[in-house]
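Breakdown of the fold
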Amino acid sequence: MTRTRTTRPSDPSKTSSTTATTTAAPIGDGTAGDGTAGDGTAGDRAAADGTAGSGSPATDFALAFLQELARAGVTDVVVSPGSRSQALALAAVALERAGGITVHVRLDERTAGFFALGLAIESGRPAAVVTTSGTAVVNLHPAVLEAHHSGVPMIVVSADRPAELRGIGSNQTTVQPGVFGAAVSFVRDVQAPSAHGVDDDARATVRSLVREAVAAAAGHAGQPGPVQLDLAFREPLSAGLDRVEGVPDDQVDLAYATRRPTAALPVAELAPDDEPATVVIAGHDAGADAERIAWELGAPLLAEVSSGARFGRNLAAAYRELLRDDDFGGRVRRAVVLGHPTLSREVPALLQRADVETVVVRGAGADVFDPARASRPDAATQVVSDVRVTGRTGPAHRAWVGRWVAASRSLLGEGDAGPDLDAKRSADRAERNRFLKDEVALRRRPVDRAMLAEAVWGVTWPHDRLVFGASQIIRVADMTVAGKKIRVHANRGLAGIDGTISTALGIATALEAGSGAVGTTRVVVGDLTFLHDLGGLVTGTEEARPRLQVVVGNDGGGAIFRGLEVAATTAPEDMRRMMTTPQHVDVERVVTGLGWEYRRAETWGDLERVLTDPAERVVIEVPLAD
């Protein structure tokens, strides 16, 4: 369900910077802490919004809680089935029907967490992910860690047993509040609602709780990232909802939930250097501002493929080779860093040099990117919230940038030369035959990683989304593709291979909900990354099915490990078994059994054809030629 909402000004007084696990006041009249079950009298009282009590305090609280989430700008709720969380699940679908939120059901919590991550990446606002108690909660941990290290907002809503059932061996009961440790900035252990429903006082408590949580997730007073609300429920765990009031559009504050940039740090005022020796480095999630800063400073732009800044006149895409060259990298004396660089060894090596001044624009992730401190704890890295360029560039700066750009283009080359089109139109039959022979040979060429990266890059446009898994393919793309202003994502907070398909599905879902002209979301993964998230391909029959192409570069194992130094001194059979982990999964049978279309692209001609396939949900297997 797509809803258009107006926004109202945010209320900064409702924010909190507290990082702690606390117990909130009981919901209701304060008598619930005595360990008694509900007495069923909630139906005797009407909720503040005119909705009659359901007979289950859990249901009445769940509905009030979700309504306040919607008012605070949370538009999406991801639910995995479970008994203890049933009140939240059933209230969510009732509120979706009335108008207020969009509900997404995922069969398991691990994929639900990464799906919520993808929703937040595309929308810029946290999704709430609802789980039942026990191991269900911990299955969110990989996605929570990625959100923490990437600075992606997320709200974990974990259903729990009430206080009297904890610590006595009760089924599916463990210590849930704080289970994610330092990966969440805000934790609340909320006592079970009382037997007397949700009155005005209780609703005010819920509103305050929700706005605190959303503010913490969005980064109102700290870094954005995941938060946890652990909600205890007593029996009866749910009841039917006959009438539910939706949340009017004019009550929804989308701006309140939107991720905010870091503002507590100073803004650096930088001038173009007198003798040009500055580079601008754009790591993952740097954003388009990196291109502007590079232009204004008269500096080459060294932008990773998922930076959001791999475009513009100052781009030197082949930055790795140039950083290794004394005539280029050796001359650098100042580096301005945005985002989270993770794809090369050359960038950290540059920043660790004592003769390089480093200015880091603080990203959204949990840690400041400052590799110099690994070797020099007293390194004078300047960490700022933004860069303001003062002064103007001159001919020397243009020459400095020009050398980098020209050298980069020379290193990248023109790609594979196609057949001579003049020969196609030649009056000489022999020339025309040579053209046809060359064209056929090109189309029959087996696909390697560089060809795969360039082909997918070539068919992706600004209205599309491109997602890379943490496979060898993203590194190859970073070394080979030219500049293009498109939206690219990769889970680079921890650079794990799990959850990549689910993240892409979340991105695709949010894209289709928020875009008038729907594009295609493509996710490019290696075979092991693909197998790590097969569960992401499983979608309930009642759920929306966004348009997604899953492109699997299959080399039968983890090729990324072949580049490890130890490979030169270890027995090949040990490297193969223990590191590259060879596999021979029949991808076609797996994906068609899960209800997806399947295509296979063994040659360049096949790949060109299948990447423009109109199928809505398709897995494209590309056997790779090393």
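Residues numbered from 1 in each chain as written. Predicted model: local features only at pLDDT ≥ 70, side-chain atom pairs only at ≥ 80, totals over all residues. Heavy atoms only, no water.

1. Considerations on the overall build of the protein
Stated precisely, the cut-off is as follows: Going along the chain from the N terminus, every DSSP run of H or I of four or more residues is numbered as a helix, and every run of E of two or more is numbered as a strand. The rule is simple: take the accessible area with a 1.4 Å probe, protein chains only, and divide by the maximum for that residue type; under 20% is buried, over 50% is exposed, in between is partly exposed. For this analysis, residues touch if any pair of their heavy atoms sits within 4.5 Å. All accessible-area figures derive from a Shrake-Rupley calculation using a 1.4 Å probe, and residue coverage is judged against the displayed protein chains alone.
Scanning the protein from N- to C-terminus turns up 21 helices and 20 strands. Looking at the protein as a whole, 53% of its 626 residues qualify as buried. Within the protein, contacts between residues separated by at least 24 positions form 76% of all contacts whose residues are at least 6 apart in sequence. Accessible area of the protein: about 25,800 Å², with a carbon and sulfur share of 51%.

2. Quick word on the confidence of the model for the protein
What counts, and what does not: Per residue, pLDDT measures the predictor's confidence, with a range of 0 to 100.
Confidence in the prediction of the protein, expressed as mean pLDDT, is 88, and 86% of residues score 70 or more. In the predicted structure, residues 1–25 sits below a pLDDT of 50 and forms 66 contacts with residues beyond four places in sequence or in another chain.

3. Observations concerning the environment of I501
Tracing the backbone shows I501 in helix α17 (residues 500–514). Taking relative accessible area as the criterion, I501 reaches 0% and is therefore assigned buried. For I501 and H532, which are 31 residues apart along the polypeptide, the C-alpha to C-alpha distance reads 9.1 Å. Leave out the neighbours within four places in its chain, and I501 touches F530, D533, G536, L537 and V550.

4. Observations regarding the environment of G605
Within the fold, G605 resides in helix α21 (residues 604–610). Taking the relative accessible area as the measure of exposure, G605 reaches 5% and is therefore buried. On a C-alpha basis, the gap between G605 and R444 in space is 6.3 Å, while along the polypeptide they are 161 residues apart.

5. Here we look at the sheet that holds strand β15 (residues 465–468)
We count it as follows: At least two bridges found by DSSP between two strands is the condition for calling them paired. For helices, the fitted line uses only the C-alpha atoms of the stretch in contact; every axis is such a line through C-alpha atoms, and the angle between N-to-C directions lies from 0 to 180 degrees.
The strand order across the open sheet built from six strands is β16-β15-β17-β18-β20-β19, with neighbouring strands paired in parallel fashion. At either end of the open sheet lies a strand with only one pairing partner, and these are β16 (487–490) and β19 (597–600). Averaged over all adjacent pairs, the angle separating strand axes in this sheet is 20°, with direction ignored. Contacts from α17 reach β15, β16, β17 (521–526), β18 (548–554) and β20 (617–623) within the one sheet, and its direction differs from that of β17 by about 175°.

6. With respect to the sheet that holds strand β9 (residues 278–282)
Pairing within the open sheet is parallel, and its five strands lie in the order β10-β9-β11-β12-β13. Edge positions in the open sheet fall to β10 (301–303) and β13 (382–384), since each of these has one partner strand only. For this sheet, the mean angle separating the axes of adjacent strands, direction not counted, is 20°. For strand β11 (residues 334–338) and strand β12 (residues 357–361), the ladder comprises five bridges, and the chain directions are parallel. Bridge pairing in β12 links V336 to V359. Across the sheet, helix α8 (residues 289–297) lies against β9, β10 and β11, angled at about 175° from β9, the strand it touches most.

7. Considering the nonpolar core
The following threshold applies: Working definition of a nonpolar core: buried Ala, Val, Leu, Ile, Met, Phe, Trp, Tyr and Cys residues. They are joined through side-chain atoms within 4.5 Å.
Core analysis: the largest hydrophobic core is formed by 52 residues, its most contacted members being V279, I281, W404, L452, F468, L607 and V622. In terms of residues, this core owes the most to one element, helix α15 (residues 449–459), which gives six residues. Ignoring sequence-local partners within four residues, the contact set of I281 consists of L302, A335, V336, V337, L338, P341, V347, L350 and L351. F61, A92, I101 and V103 belong to the second-largest nonpolar core, a separate cluster that totals 49 residues.

8. Some details on the packing of aromatic side chains
Rules: Aromatic contacts are taken between Phe, Tyr and Trp rings whose centres are within 6.5 Å, Trp giving its six-membered ring; a plane angle under 30 degrees counts as stacked, one over 60 as edge-to-face, and the others as tilted. By the criterion adopted, a ring carries a charge over it if an Arg CZ or a Lys NZ lies within 6 Å of its centre and within 35 degrees of its normal.
In the structure shown here, the tally under the stated rule is four aromatic pairs. Clustering of aromatic rings is evident, with ring pairs tying together F61, F65 and F233. Lying over the aromatic face of W461, K484 brings its terminal NZ or CZ to 3.6 Å of the ring centre.

9. Some details on the side chain of E304
What counts, and what does not: In summary, the charge assignment counts Lys and Arg as positive and Asp and Glu as negative, without counting His or the chain termini. The term salt bridge refers to a side-chain nitrogen of Lys or Arg lying within 4 Å of a carboxyl oxygen of Asp or Glu. In the analysis that follows, any N or O atom pair within 3.5 Å is treated as a polar contact, provided that within protein one partner can donate a hydrogen and the other can accept it, and provided that, for residues neighboring in sequence, both atoms belong to side chains.
Among the secondary structure elements, E304 is positioned in the loop between β10 and α9 (319–324). Look at E304: it is buried, it has no salt bridge, and the nearest opposite charge is R492 at 5.9 Å. Reaching out from E304, the side chain makes a polar contact with the backbone nitrogen of T342 at a distance of 2.9 Å. A distance of 3.0 Å separates a polar atom in the side chain of E304 from the backbone nitrogen of L343. In this structure, E304 is in contact with A282, G283, H284, R310, Y319, H340, P341, T342, L343, S344 and D478, ignoring residues within four places of it in sequence.

10. Overview of helix α1 (residues 57–71)
The condition that has to hold: Under the convention used throughout, the expected extent of a helix is 1.5 Å for every residue step, that is, one less than its residue count.
Relative to the 21 Å expected for 15 residues at 1.5 Å per residue, α1 spans 21 Å between its end C-alpha atoms, a close match to the ideal helical length. Most of α1 is tucked away, with 15 of its 15 residues classed as buried. Just beyond α1, the residue with positive phi is G73, at close to 100°.

11. Thoughts on the packing of α15 against helix α16 (residues 472–480)
Basically, it comes down to this: Relative orientations are named as follows: roughly parallel for angles under 35 degrees, roughly antiparallel for angles over 145 degrees, roughly perpendicular for angles from 65 to 115 degrees, and oblique for any other angle. Classification convention: Asp, Glu, Lys, Arg as charged; Ala, Val, Leu, Ile, Met, Phe, Trp, Tyr, Cys, Pro as nonpolar; all other residues, Gly among them, as polar.
Close contact between α15 and α16 brings their axes to 9 Å; oriented N to C, the two are set at 70°. Classified by the angle between their axes, α15 and α16 sit roughly perpendicular to one another. Across the interface between the two elements, R449, A450, L452, A453 and E454 from α15 touch Q472, I473, V476, A477 and T480 from α16. Taken together, the residues of the contact of α15 with α16 sort by class into six nonpolar, two polar and two charged.

12. A short note on helix α6 (residues 200–218)
Because an α-helix packs 3.6 residues into every turn, residues spaced three or four apart end up facing the same way. Compared with an ideal rise of 1.5 Å per residue, which puts 19 residues at 27 Å, α6 spans 27 Å between its outermost C-alpha atoms and is within 8% of the ideal. Within α6 the residues assigned to the buried category are A202, R203, V206, L209, V210, R211, A213, V214, A215, A216, A217 and A218. Where α6 is buried, its residues contact α1, β5 (154–160), β6 (187–190), β7 (226–232) and α7 (254–257). Near the N-terminus of α6, the side chain that reaches the backbone nitrogen of D201, with its oxygen 3.3 Å away, is that of D199. Backbone geometry just after α6 places G219 at a positive phi near 85°.

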